[in-house]
Amino acid sequence: MSSVDFFQSLSLDEIQKKTREYVLGTYAYPMGIAMSFGQGEYLYDTEGKQYIDFLCGISVTNLGHGDADIVEAIRDQAERLMHTSNLFYNQEAALLAEALVNYSFPGKVFFTNSGTEASEAIFKFARSYGQQAKNEASVIITHENSFHGRSTAGMLMTGQEKIHTGFGALLPESDLIYLPRNDLDILEKTIDDRGQDICAFALELVQGEGGIHVMDKEYVQAARDLCKENDILFIVDEVQTGIGRTGKLFAYEHYEIIPDAMALAKALGNGFPIGALIIGDEFASYLGPGQHGSTFGGNHLATRVAFETVKALVTRDILANVVAQSEYFLRRLRLFEKQFACVTEVRGLGLHLGIELDRPAQQVVIEARDRGLLVNCTAESTIRVMPPLNISLERAAEGLDILEASIAAFQG
Ligand SMILES: Cc1ncc(COP(=O)(O)O)c(C=O)c1O
């Protein structure tokens, strides 16, 4: 066995070489660079080049990089206590759960380490509800074009009867129905036809990975009512929209509804891995003792950082900034619609924004990167724009100037 130098600082070439040699090839690394430092709205790569960050690690670092309160919370909690396990009560988890419930709806919180795990929790919660309360109903409705994570239902792989018990037959394809978004007629018909078999309707209020599509208010409100009338859980996946991204702490607030459950992750820890499923009090008993768990889930460090993140969101003037900056961004982006033939539509809510092109958009991402701006491309032809929620007007203007120049260069 050769020895490893634990204190190296690598060039981009060396990072790429080691990545190819040692890291499993699941990612394509389309940005092509590596970051070494971040401060506020800026990132710096390993070669020292500065970038304005309109990507936020895919809607994660909503408070920007190196936020003093977040850094201090991590330092303090790391010194004090990082992890004990869920064999113990945990002050930080209890305080975060209280804060999340106080700012959303009366309920109970299950902590996870990622958005996918929050989806897993949705799945198990929905199935358990169906088994216990709705004559073993096991069908879950989601949307075409939705995204809820990449796990393959971990419990399917676990060879223990007691872990499988309580959720019905595991995952026949007919147990998921994917509906077109915003089509109330089809939703009504589906519930008319199969309502007895359906335990839950899970949706993103703004489809993120699917290309920044905002759900209509009338559709969401009517869907919420339909679910209530038919004993179907109405569950929002706010992994990408939650924690201020849309200008409210949670996107469901725009729709003037209260969901039965809500999944969170991404920005909840501002970069520290943590997720959550909040289940309304009426249904909280459907994931009971021993039915779900996680070693890391809700550990002292993760929940302390998330508590600090939520505190920053509600005590600083950040949501007001999202609303103000959103107006500015949308005004500028809508000019792109007029200015560039390749821009077909601008969509979004708050600072969760997308620019639709009439062709694949990845080259705009590269043009922007080369000019010092980070955005990404989702659903092939959508440029996704997600700046930090506390972005200044000056940086917003500077970044949008770069984006404009990048689309101009792309269009040729
Ligand atoms: C709405 C939504 N749900 C779930 C996930 C999965 O989250 P994670 O990548 O943290 O597992 C994502 C990730 O993009 C998402 O956007």
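Residues numbered from 1 in each chain as written. Predicted model: local features only at pLDDT ≥ 70, side-chain atom pairs only at ≥ 80, totals over all residues. Heavy atoms only, no water.

1. Regarding the layout of surface pockets
Roughly 1600 Å³ of internal volume is contained in the largest pocket. Every residue lining the largest pocket is counted, 50 residues in all, and those nearest its centre are Y27, G57, I58, E209 and K266. Elements that contribute at least two residues to the lining of the largest pocket include exactly α2 (56-59), α5 (115-133), α12 (362-371) and β16 (376-378). Two domains each provide a minimum of three residues to the lining of the largest pocket, namely domain 1 (12-66 + 318-411) and domain 2 (81-315). Its volume calculated, the second largest pocket comes out at about 740 Å³. Taken together, the elements giving at least two residues each to the lining of the second largest pocket come down to α4 (91-103) and β4 (107-112). No other element matches β4, which puts four residues into the lining of the second largest pocket. A per-class count over the lining of the second largest pocket returns 12 nonpolar, 10 polar and one charged. (1 Å grid on protein atoms, 1.4 Å probe; cavity = no way out; pocket = protein on both sides within 12 Å on 5 of 7 lines; lining within 4 Å. Points joined across faces, edges and corners; volume = space filled by probe spheres on them. Helix = DSSP H or I, 4+ residues; strand = E, 2+ residues; numbered from the N terminus. Domains from an automatic or database assignment. Nonpolar A, V, L, I, M, F, W, Y, C, P; charged D, E, K, R; others polar.)

2. Notes on the packing of helix α8 (residues 184-194) against helix α9 (residues 217-229)
The interhelical angle for the contact between α8 and α9, taken along N-to-C directions, is 10 degrees, at an axis separation of 10 Å. As summarised for this structure, α8 and α9 are arranged roughly parallel, according to the angle between their axes. Taken together, the residues of α9 that come into contact with α8 (itself represented by L184, L187, E188 and I191) are Y219, A222, A223 and L226. For the contact of α8 with α9, the residue count by class is seven nonpolar, no polar and one charged. (Axes fitted to C-alpha atoms, helices over the stretch in contact; angles between N-to-C directions. Parallel < 35°, antiparallel > 145°, perpendicular 65-115°, else oblique. Contact = heavy atoms within 4.5 Å.)

3. Here's the deal with the sheet that holds strand β14 (residues 352-357)
Taken in spatial order, the four strands of this open sheet run β13-β14-β17-β16, and their pairing is antiparallel. Every other strand in the sheet has two partners, leaving β13 (343-349) and β16 as the edge strands with one partner each. Recorded for the sheet is a direction-independent mean angle of 30 degrees between the axes of neighbouring strands. As defined by bridge partners, β16 adjoins strand β17 (residues 382-385) across three bridges and the pair is classed as antiparallel. Across the sheet, residue T378 finds its bridge partner in β17, namely T382. In the packing of helix α11 (residues 318-339) onto the sheet, the strands contacted are β13, β14 and β17, and the crossing angle to β13 comes to about 165 degrees. Docked against the sheet, helix α13 (residues 393-411) engages β13, β14 and β17, running at close to 15 degrees with respect to β14. (Pairing = 2+ DSSP bridges.)

4. Comments concerning the pattern of salt bridges
Applying the stated criterion to the full structure yields 23 salt bridges. A salt bridge links R316 to D67; the nearest nitrogen and oxygen atoms lie 2.8 Å apart. Taken together, the positions of R316 in the loop between α10 (300-315) and α11 and D67 in the loop between α2 and α3 (68-80) put the pair 249 residues apart, joining distant regions of the chain. The partly exposed category is assigned to R316, whose relative accessible area is 27%. A salt bridge links D76 to R80; the nearest nitrogen and oxygen atoms lie 2.9 Å apart. Of this pair, D76 and R80 both sit in helix α3, four residues apart, roughly one helical turn. Judged by its relative accessible area of 58%, R80 falls in the exposed class. Through salt bridges with shared partners, a single network forms among E41, R395 and E398. (Salt bridge = Lys/Arg side-chain N within 4 Å of Asp/Glu carboxyl O. Buried < 20%, exposed > 50% of the residue type's maximum accessible area, 1.4 Å probe, protein only.)

5. Things to note about the environment of E327
The topology assignment puts E327 in helix α11. A relative accessible area of 52% means that E327 is categorised as exposed. On a C-alpha basis, the gap between E327 and L349 in space is 9.8 Å, while along the polypeptide they are 22 residues apart.

6. Considerations on the sheet that holds strand β7 (residues 198-203)
Read across the open sheet, the seven strands follow the order β4-β12-β11-β10-β7-β5-β6; overall the sheet is mixed. Strand pairing shows two members of the sheet lacking a second neighbour, β4 and β6 (176-179), which therefore form its edges. Taking each pair of neighbouring strands and ignoring which way they run, the sheet shows an average axis angle of 20 degrees. With four bridges joining them, strand β11 (residues 261-264) and strand β12 (residues 275-280) adopt antiparallel strand pairing. Within the sheet, the bridge partner assigned to A261 lies in β12 and is I279. Across the sheet, α4 is in contact with β4, β11 and β12; its angle to β4 comes to roughly 125 degrees.

7. Looking at the domain arrangement of the chain
As assigned here, the chain comprises domain 1 (12-66 + 318-411) and domain 2 (81-315). For domain 1 and domain 2, the distance between their C-alpha centres works out to 28 Å. Contact with domain 1, which involves 27 residues of that partner, is made by 26 residues of domain 2. For the pair domain 1 and domain 2, the two sides together bury roughly 2100 Å², of which 59% comes from carbon and sulfur. Per-residue buried area on domain 1 facing domain 2 is highest for L319, L349 and H352; these three make up 30% of the total on that side. The tally of links between domain 1 and domain 2 comes to one salt bridge. With a closest N to O distance of 2.8 Å, E209 and R384 form a salt bridge. Of all the elements, α11 adds the most residues to the side of domain 1 that touches domain 2, at four residues. For the side of domain 1 that touches domain 2, a count of residues per class yields 15 nonpolar, 10 polar and two charged. (Buried area = accessible area lost by both parts, 1.4 Å probe.)

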